[in-house]
Amino acid sequence: MLKAKTRFLKSHVKVGDMVCVLSGKDKKKRGRVIALSTREKKALVSGINKVKKHLKARKIGDDSGIVEVEAPVRTDKLQVVCPNCDSPTRVGHELNQKNIKVRVCKKCKKQFAK
Ligand SMILES: [Zn+2]
């Protein structure tokens, strides 16, 4: 059985990353991660997985209508775009000089900025 799911799960993507979508209707599109839920393994990516939402004005001053908003995408469909070689890549982990774990690009072996 699964244990309590309250612990923090690690993810290869982080907020602010440029990511590339591997499959689905937004395949090969790129966007920046706005929000991340490691527990649900989902991320909100700008311009990716847009859905139409029908809004109804419930208060005075609210607008009704159809708006397009981003819906969360599963993070296993996302690959980080390396800022050094500008290609979607897998992510490795290394220790830097200060013994802090940093993410590295598997293609060009360079460290990510953060
Ligand atoms: Zn790279």
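Structure's up top.
Residues numbered from 1 in each chain as written. Predicted model: local features only at pLDDT ≥ 70, side-chain atom pairs only at ≥ 80, totals over all residues. Heavy atoms only, no water.

K.L.:
Is there a simple way to explain the coordination of the zinc ion in this structure?
P.N.:
Tetrahedral coordination by four donors puts the ideal angle at the metal at 109.5 degrees, and octahedral coordination by six puts it at 90 or 180 degrees. Here the zinc ion is held by the protein donor atoms Cys82 (SG), Cys85 (SG), Cys105 (SG) and Cys108 (SG), which lie 2.2 to 2.3 Å from it. Every donor counted, the 4 donor atoms about the zinc ion form angles of 103 to 117 degrees at the centre, which fits tetrahedral coordination. In primary-sequence terms, the residues that donate to the zinc ion follow C-x2-C-x19-C-x2-C. Judged by its relative accessible area of 28%, Cys108 is partly exposed. (Donors = N, O, S within 2.8 Å, 3.2 Å for Na, K, Ca; no water. Tetrahedral: all angles 85-135°; square planar, octahedral: opposite > 155°, others 65-115°. Buried < 20%, exposed > 50% of the residue type's maximum accessible area, 1.4 Å probe, protein only.)

K.L.:
Would you mind showing me how to read the pairing of strand β10 (residues 101-105) here?
P.N.:
Note on strand geometry: in a regular strand, side chains alternate between the two faces of the sheet. Within β10, 4 of the 5 residues are buried, which leaves it mostly tucked inside the rest of the structure. Where strand β9 (residues 91-95) meets β10, 5 bridges bridge the pair, whose relative direction is antiparallel. Bridge pairing in β10 places Leu95 opposite Lys101. Connecting β9 to the next strand, β10, in antiparallel fashion are 5 residues, including Asn99 with a positive phi near 60 degrees. (Helix = DSSP H or I, 4+ residues; strand = E, 2+ residues; numbered from the N terminus. Pairing = 2+ DSSP bridges.)

K.L.:
Please explain the sheet that holds strand β7 (residues 78-81) as it appears in this structure.
P.N.:
Neighbouring strands of a sheet are bound in pairs by backbone hydrogen bonds; such pairs are parallel or else antiparallel. In spatial order, the strands read β6-β3-β2-β1-β7-β8; together these 6 strands make up an open sheet with antiparallel pairing. What marks the edges here is a single partner per strand, and that holds for β6 (73-74) and β8 (88-89). As judged from the 2 bridges shared by β7 and β8, these two strands associate in the antiparallel manner. When the bridges of β8 are listed, Val80 appears paired with Thr89.

Shape is all these values report; function is a separate question.
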